[in-house]
Amino acid sequence: MASGKRMMVFAGSHNRELSEGIAKHLGIELGNIKLSKFANGEIYVRYLESVRGADVFLVQSICNPVNASLMELLIMIDAAKRASARSITAVISHYGYARQDKKSAAREPITAKLVADLLTVAGAERVIAMDLHQGQIQGFFNQPVNHLTALPILADYFESLKIEDLTVVSPDVGRVKAAKKLADMLGATLAIMHKGRPEHNVAEITHVIGEVDGRTCIVADDMIDTAGSITEGAKALVNAGAKKVYVAATHGIFSGPAFDRIESAPIAEVIVTNTLPVPEDRRGGKIHVLSVAPLFAHAIQNVYNDESVSELFDPDFQL
């Protein structure tokens, strides 16, 4: 009988850079997997090496094209389950459909719960995710969810800039708790913007609550999609007297007009992580990308070794 545990990490096709970074920090090679499509667009998955009895970690970012990346992950999970993997962990750097985490109006879906159900039925026994749009999404699963945060990585970057008179700004009331954590880590003050949304991907900043006049501001959000919120927020802060505006977010989705909006906005720099792929030709200039591969690798190692992962949730934890 074979003895001992075996870790295998496989990459989906939608964020290869992060997957390779995780494997490098773990000191292993990514597993051999075939990902292709039939002529009609259906996704085909086959593991090209045995996963029987292995602890399998599947790294995927649910990103553009969102439906294809989600379906690919579900099929990877199903294939691993049917190939007798000992355990299956979905390592989801960006959890798609998370913005619909409650019913805000009649006859709306709760897609964050739907995705949780899909992952569960497919066979995922654990999820490792980063900066979910709302922490309550963890409760949509009956399996363990290790919810990591990129705040320490973002804070380390801003500490290296040695900025004085610093204020962390929450883009809306829902992000105040996370913004307060970042402010505490940086020894900064806190301000809040009041944001209205007349429709999807449209933001209106009506008030800035807190002292920003003559200060350097960091707008701290979980994601940047079309960049409407952050650009309108930056303009509001400059109008309120801010001398410089940075933007920090875990997930750089950058849809549609995002890059053009950022270039034309009064923003010094936008700092995101590589939870989603950012095109090489867009990096540099105002866009700065930090790697979260060490954090994911540490979480995977601890899960595999049956060690605590809670230290990685602590903003004071240092890699």
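Report follows, based on the coordinates. Small disclaimer: the values here were computed from a predicted structure and weren't measured.

## A closer look at helix α4 (residues 151-161)
Step number 1: Along α4, the residues classified as buried are Leu151, Pro152, Ile153, Leu154, Ala155, Tyr157 and Phe158.
Step number 2: Looking at the buried side of α4, the elements it contacts are α5 (176-186), β11 (216-224), β12 (244-252), β13 (269-273), β14 (287-290) and α8 (293-304).
Step number 3: Count one or two residues on from α4 and you reach Lys162, which has phi positive near 50°.

## Some thoughts on the pattern of salt bridges
Step number 1: Across all of its chains, the model carries 14 salt bridges by this definition.
Step number 2: With a shortest N-O distance of 3.6 Å, Asp101 and Lys102 are connected by a salt bridge.
Step number 3: Look at the salt bridges and you will find they share partners, linking Glu17, Glu280 and Arg283 into a network.

## Observations regarding the nonpolar core
Step number 1: Counting 45 residues, the largest nonpolar core has Ile22, Leu186 and Phe296 as the members making the most contacts within it.
Step number 2: At eight residues, the largest contribution of residues to this core is made by α8.
Step number 3: If you look at the next biggest cluster of nonpolar residues, it comprises 37 residues, including Tyr95, Ala122, Ala124 and Ala129.

## Brief notes about the pairing of strand β7 (residues 145-148)
Step number 1: Burial along β7 is two-sided: Val145 and His147 and Asn146 and Leu148, pointing in opposite directions, are all buried.
Step number 2: The pairing of strand β6 (residues 126-130) with β7 spans four bridges and is classified as parallel. Opposite Met130, over in β7, you have Leu148 as the bridge partner.

## Thoughts on the environment of Val56
Step number 1: Among the structural elements, Val56 can be located in strand β4 (residues 55-60).
Step number 2: Given the relative accessible area of 0%, Val56 is considered buried.
Step number 3: Spatially, the C-alpha atoms of Val56 and Val208 are 47 Å apart, while their sequence positions differ by 152 residues.
Step number 4: Apart from residues lying up to four places away in sequence, Val56 is in contact with Met8, Phe10, Val51, Ala80, Ala85, Ser87, Ile88 and Thr89.

## Details of the environment of Ala80
Step number 1: Within the secondary structure, Ala80 sits in helix α2 (residues 66-82).
Step number 2: Residue classification places Ala80 among the buried residues on the basis of a relative accessible area of 0%.
Step number 3: Spatially, the C-alpha atoms of Ala80 and Ala122 are 9.7 Å apart, while their sequence positions differ by 42 residues.
Step number 4: Each residue touching Ala80, except ones within four places of it in the same chain, is listed here: Tyr47, Val51, Val56, Ala85 and Ile88.

## Some thoughts on the sheet that holds β6
Step number 1: Pairing is parallel across the open sheet formed by five strands, whose spatial order is β1-β4-β5-β6-β7. Each edge of the open sheet carries a strand with a single partner, namely β1 (7-11) and β7. If you compare each strand with its neighbour and ignore which way they point, the axes differ by 15° on average.
Step number 2: Here five bridges tie β1 to β4, and the two strands are oriented parallel to one another. Across the sheet, residue Ala11 finds its bridge partner in β4, namely Val59.
Step number 3: Sitting on the sheet, α2 touches β1, β4 and β5 (87-92), and the angle it makes with β4 is about 170°.
Step number 4: Packing against the sheet, α8 makes contact with β1, β4, β5, β6 and β7, and its axis sits at approximately 160° to β6.

## Some details on the environment of Lys286
Step number 1: Take Lys286: it is sitting in the loop between β13 and β14.
Step number 2: It is 7.8 Å that separates the C-alpha atoms of Lys286 and Ile267, two residues lying 19 residues apart in sequence.
Step number 3: A distance of 3.2 Å separates a polar atom in the side chain of Lys286 from the backbone oxygen of Ile267.

Calculation rules
Residues numbered from 1 in each chain as written. Predicted model: local features only at pLDDT ≥ 70, side-chain atom pairs only at ≥ 80, totals over all residues. Heavy atoms only, no water. Buried < 20%, exposed > 50% of the residue type's maximum accessible area, 1.4 Å probe, protein only. Helix = DSSP H or I, 4+ residues; strand = E, 2+ residues; numbered from the N terminus. Contact = heavy atoms within 4.5 Å. Salt bridge = Lys/Arg side-chain N within 4 Å of Asp/Glu carboxyl O. Core = buried A, V, L, I, M, F, W, Y, C linked by side-chain atoms within 4.5 Å. Pairing = 2+ DSSP bridges. Axes fitted to C-alpha atoms, helices over the stretch in contact; angles between N-to-C directions. Polar contact = N/O pair within 3.5 Å; in protein donor to acceptor, adjacent residues only side chain to side chain.

Interpretation note: all reported values are geometric properties and have no functional meaning in isolation.
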